[in-house]
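Per-entry structural report
Chain by chain, the residues:
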Amino acid sequence: MERHRRKLLKLGSGLCLALAVVAAACATATGPAPTVSMDGKVEVLWLGQAAVRLTSPGGKVIVIDPFITQNPKTPADWKDLAKLGKVDVILVTHGHGDHVGDVAALQKLTGATVLGPAGLMATLVDLGWLPADKAVRFGKGGRVNPLGPQITITQVRAEHSSEVTVTDPATKKSTTYPGGEPCGFIIEFENGFRLYHTGDTGLFGDMRLIGRYYRPDLVMIPIGGHFVMDPRDAAYATRHMLKPRYAIPFHYGTFPVLKGTPQEYQQALGQTSTQVFPINPGDTLKFPL
Ligand SMILES: [Zn+2]
């Protein structure tokens, strides 16, 4: 028993030393700020609508649904895509413009690998938006590890549609292409923390399965209504089906038709063990708290 404790103490001091060395190296570095999180947390930066930048505890950067430069809710400070810094992976949930808006430009700028529904990836490659070797097709239920074995991304169902509409800038004529099937993503990080980005979706029964099977710690959930769940539906999914520790409402207020508000969502939730963060675009949170 005593020996075991000594062993643990030794291990602990070794870890402290290792962390001190890393901290010292960071303090003397002259290059760009280190992105490796020293607190072992997942950083979530919400940029409005469903656009989010995630930084893993090991410093990997994932951007989901980059709709930034034309997003009326993205703060001016973040309109320049270069401000996002390095991006390792871009995930897209479906083909609507308020989700794939900046995917081509951001991929070109960062060289990131883009992953999403197979049919959507095929269309984005055919349209010349993405180079074929940087567009990874995968399907619902598929687990992928584009950032190494410690981060797992699982594609899950969403109840929505997916088309890619391209408007010719000269003639203003629009053409619509198939965009595969819409999806959401579950991301499990190095520290075991699990985030569920639902994509655009209505309420569906398998959210109960997603809650039980994938057990997300944090859910980013749409509340705007019209194209997606309204606050009442989102509250039902949160309280009775997903039961996460944390929730961030999104996909509201960007356009007049997305009427739901975080206040209505919280009111519909009532007393619950889920902690809700009604944050603003441009805000950053770190999880677990
Ligand atoms: Zn949509």
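The structure this text deals with has already been given above.
Presented here is a report on the structure given in the accompanying data block. If you're wondering where the values come from, they're calculated on a predicted model, not measured in any experiment.

1. Let's talk about the coordination of the zinc ion
Around the zinc ion, the protein contributes the donor atoms His94 (NE2), His96 (ND1), His160 (NE2) and Asp200 (OD), at 2.2 to 2.4 Å from the metal centre. Every donor counted, the 4 donor atoms about the zinc ion form angles of 88 to 173° at the centre, which fits irregular coordination. Positions of the donor residues of the zinc ion along the chain correspond to the pattern H-x1-H-x63-H-x39-D. One end of the pair, His94, is in the loop between strand 4 (89–91) and helix 2 (97–100); the other, His160, is in the loop between strand 8 (152–157) and strand 9 (163–167), and 66 residues separate them in sequence. Assessed through its relative accessible area of 0%, His94 is described here as buried.

2. Structural notes on the packing of aromatic side chains
Applying the stated criterion across every chain yields a total of 9 aromatic pairs. On the basis of an interplanar angle of 80° and a centroid distance of 5.5 Å, the ring pair of Phe277 and Phe287 is categorised as edge-to-face. You can see Phe277 sitting in the loop between strand 15 (275–276) and strand 16 (284–287) and its partner Phe287 sitting in strand 16, a full 10 residues away along the chain. In this pair, the class of Phe277 matches that of Phe287, namely buried. An aromatic cluster is present here, built from Phe193, Tyr246, Phe277 and Phe287 joined pairwise through their rings.

3. Concerning the side chain of Thr93
Structurally, the position occupied by Thr93 is in the loop between strand 4 and helix 2. Look at Thr93 and you get buried, because its relative accessible area is 0%. There is a polar contact of 2.7 Å between the side chain of Thr93 and the side chain of Asp65. One polar contact links Thr93 to His94, side chain to side chain, over a distance of 2.8 Å. Thr93 has contacts with Ile64, Asp65, His99, Pro117, Glu181, Pro182, Cys183, Phe185, His197 and Gly199, leaving out every residue within four places of it along the chain.

4. Looking at the packing of helix 5 (residues 207–214) against helix 6 (residues 231–242)
Viewed as axis vectors pointing N to C, helix 5 and helix 6 meet at an angle of 45°, and their least axial separation amounts to 8 Å. The angle between helix 5 and helix 6 places the two elements in the oblique class. In this structure, the crossing between helix 5 and helix 6 has a hand that is right-handed. Residues Met207, Arg208, Ile210 and Gly211 of helix 5 touch helix 6, and the partners they reach there are Tyr236, Ala237, His240, Met241 and Leu242. Here the contact of helix 5 with helix 6 is composed, by residue class, of 6 nonpolar, 2 polar and 1 charged.

5. Things to note about the sheet that holds strand 1 (residues 42–46)
Here 7 strands make up an open sheet; going across it, the order is 6-5-4-3-2-1-16 and the pairing mixed. Two strands bound the open sheet, and with one partner strand each, they are strand 6 (135–138) and strand 16. Along the sheet, successive strands turn relative to each other by an average axial angle of 20°, direction set aside. Pairing of strand 1 with strand 2 (residues 52–55) involves 4 bridges; the strand directions are antiparallel. Bridge pairing links Val44 to Leu54 in strand 2. Taken strand by strand, helix 4 (residues 118–126) contacts strand 5 (113–117) and strand 6, and its axis lies near 130° from that of strand 5.

6. Description of helix 4
Three or more residues of helix 4 are buried, namely Leu120, Met121, Thr123 and Leu124. Along the long axis of helix 4, the arc covered by the buried residues comes to 165°, so they all point the same way. Buried residues belonging to helix 4 abut helix 2, helix 3 (103–110), strand 5, strand 6, strand 9 and strand 10 (174–178). Following helix 4 by one or two positions, Gly128 adopts a phi angle in the positive range, close to 85°.

Criteria and thresholds
Residues numbered from 1 in each chain as written. Predicted model: local features only at pLDDT ≥ 70, side-chain atom pairs only at ≥ 80, totals over all residues. Heavy atoms only, no water. Donors = N, O, S within 2.8 Å, 3.2 Å for Na, K, Ca; no water. Tetrahedral: all angles 85-135°; square planar, octahedral: opposite > 155°, others 65-115°. Helix = DSSP H or I, 4+ residues; strand = E, 2+ residues; numbered from the N terminus. Buried < 20%, exposed > 50% of the residue type's maximum accessible area, 1.4 Å probe, protein only. Phe/Tyr/Trp six-rings, centres within 6.5 Å; stacked < 30°, edge-to-face > 60°. Polar contact = N/O pair within 3.5 Å; in protein donor to acceptor, adjacent residues only side chain to side chain. Contact = heavy atoms within 4.5 Å. Axes fitted to C-alpha atoms, helices over the stretch in contact; angles between N-to-C directions. Parallel < 35°, antiparallel > 145°, perpendicular 65-115°, else oblique. Left-handed = near helix turned anticlockwise from the far one by under 90°. Nonpolar A, V, L, I, M, F, W, Y, C, P; charged D, E, K, R; others polar. Pairing = 2+ DSSP bridges. Arc of directions from axis to C-beta.

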